[in-house]
Amino acid sequence: MRKLALIVIIYAALSAAAATPYFKVIDAPDAIVQPNTTITLPITIQNIGGDGAYARLVFRGLPPGISVSNVTRARWVYPGGRMTFNVNLSAGEIPPANHTIEVGVAAKGSPPNYRSFHLIVENVSEEGEIAKEEMAGEHPEIKNVSDGAERQIPAAGALWSLLAVAAATMVSRRER
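Residues numbered from 1 in each chain as written. Predicted model: local features only at pLDDT ≥ 70, side-chain atom pairs only at ≥ 80, totals over all residues. Heavy atoms only, no water.

Would you mind going over the overall build of the chain in detail, with residue names and values included?
What the chain contains, in helices and strands, is three helices and nine strands. When the elements of the chain are put in sequence order from the N terminus, they spell out α-β-β-β-β-β-β-β-β-β-α-α. Considering the chain as a whole, with its 176 residues, one finds that 35% of them fall into the buried category. Excluding contacts between residues fewer than 6 apart, the proportion of contacts in the chain whose partners are at least 24 apart in sequence is 70%. Total accessible area computed for the chain in this model is approximately 10,700 Å², and 57% of it derives from carbon and sulfur atoms. (Helix = DSSP H or I, 4+ residues; strand = E, 2+ residues; numbered from the N terminus. Buried < 20%, exposed > 50% of the residue type's maximum accessible area, 1.4 Å probe, protein only. Contact = heavy atoms within 4.5 Å. Areas by Shrake-Rupley, 256 points an atom, 1.4 Å probe, with all protein chains shown as cover.)

Describe the sheet that holds strand β5 (residues 66-69), with residues and values.
Hydrogen bonds between backbone atoms are what pair the strands of a sheet, whose relative direction is either parallel or antiparallel. Taken together, four strands build an open sheet; the order of strands is β1-β3-β7-β5 and the sheet is antiparallel. Edge positions in the sheet fall to β1 (23-27) and β5, since each of these pairs with one other strand and no more. Averaged over all pairs of adjacent strands, the angle between their axes in this sheet comes to 35 degrees, without regard to strand direction. Bridge count between β5 and strand β7 (residues 82-91): four bridges; the pairing is antiparallel. From the neighbouring strand, S69 faces β7, where its bridge partner is N88. (Pairing = 2+ DSSP bridges. Axes fitted to C-alpha atoms, helices over the stretch in contact; angles between N-to-C directions.)

Which residues make up the nonpolar core, and what values go with them?
F23, I43, I45, L57, F59, V103 and F117 are the most contacted members of the largest nonpolar core, which totals 28 residues. Ignoring anything within four residues of it in the chain, the contact list for I43 reads V25, D27, A28, L57, F59, M83, T84, F85, V87 and V103. (Core = buried A, V, L, I, M, F, W, Y, C linked by side-chain atoms within 4.5 Å.)

For the packing of aromatic side chains, give the residues involved together with the corresponding values.
Applying the stated criterion to the full structure yields two aromatic pairs. Between the aromatic rings of Y54 and W76, the centroid separation amounts to 5.1 Å while the plane-to-plane angle is 75 degrees, which identifies the pairing as edge-to-face. Here Y54 is found in strand β4 (residues 53-60), whereas its partner W76 is found in strand β6 (residues 75-77), with 22 residues between them in sequence. When its relative accessible area of 36% is taken as the criterion, W76 is described as partly exposed. Across the ring face of Y114, the terminal group of R60 is positioned such that the distance to the ring centre comes to 3.8 Å. (Phe/Tyr/Trp six-rings, centres within 6.5 Å; stacked < 30°, edge-to-face > 60°. Lys NZ or Arg CZ within 6 Å of the ring centre and 35° of its normal.)

I'd like to hear about the environment of R73, residue by residue, with values.
Its location among the elements puts R73 in the loop between β5 and β6. A C-alpha to C-alpha distance of 8.7 Å links R73 and L57, two positions 16 residues apart in sequence. When residues no more than four places from it in sequence are discounted, the contact partners of R73 are A55, R56 and F85.

Describe in detail unusual backbone geometry, supporting the description with residues and values.
The backbone phi angle of N36 is positive, close to 60 degrees, even though this residue is not glycine. Of note, N36 is situated in the loop between β2 (31-33) and β3 (37-47).

Would you mind going over the sheet that holds β4 in detail, with residue names and values included?
Spatial strand order, β2-β9-β8-β4-β6: five strands in an open sheet with mixed pairing. Each edge of the open sheet is held by one strand with a lone partner, namely β2 and β6. Each strand axis lies, on average, 40 degrees off the axis of its neighbour in the sheet, ignoring direction. The pairing of strand β8 (residues 97-107) with strand β9 (residues 114-121) spans eight bridges and is classified as antiparallel. Each residue of the ladder has a partner; that of A97, found in β9, is V121.

Give a detailed account of the pairing of β3, specifying residues and quantitative values.
Here four bridges tie β1 to β3, and the two strands are oriented antiparallel to one another. Looking across to β3, one finds that K24 is bridged to Q46. Examined bridge by bridge, β3 and β7 share 10 bridges and lie antiparallel to one another. In the strand pairing of β7, T38 is matched with S90.

Now, about the confidence of the model for the chain: what can you tell me, with residues and values included?
Summary statistics for the chain give a mean pLDDT of 77 and a share of 63% for residues scoring 70 or more. In the predicted structure, residues 139-152 sits below a pLDDT of 50 and forms 24 contacts with residues beyond four places in sequence or in another chain. (pLDDT = per-residue confidence, 0-100.)

Structure (structure tokens):
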């Protein structure tokens, strides 16, 4: 009876490990904005986990004078599915500067994952045209906030659980 209970517990752990969402920010393009304007920025996320979940965007490093809208509503993303959020970035009266902003995904059961993008605030002048030309050749870098920490995809936990079930089955067969 104990062997059967052990197998049931291991199978439940296997199912729980395989059925977790894991979100990743796929695309967060660099943007150029002028003071007192609003732009729309498409940010794409993907669920690479084994279960669907509601997800929403979170931002870190927003400078004073920059506000974000259209990100508070969580959306359902199926396993393997992608979702594009059209985010409105509004700039108030702020001086020209280059900012690095991080965008991440908030979803129950998914570890944090952030990607950085550059926001250039410029005045209408020749300098703005030069900055646009420089940005045309750049690509955003993927940056995980926890570079020092090792990330594990939920499927790896499922593999270990499957190996544990196989080992428990082999041990129970030998004891007979």
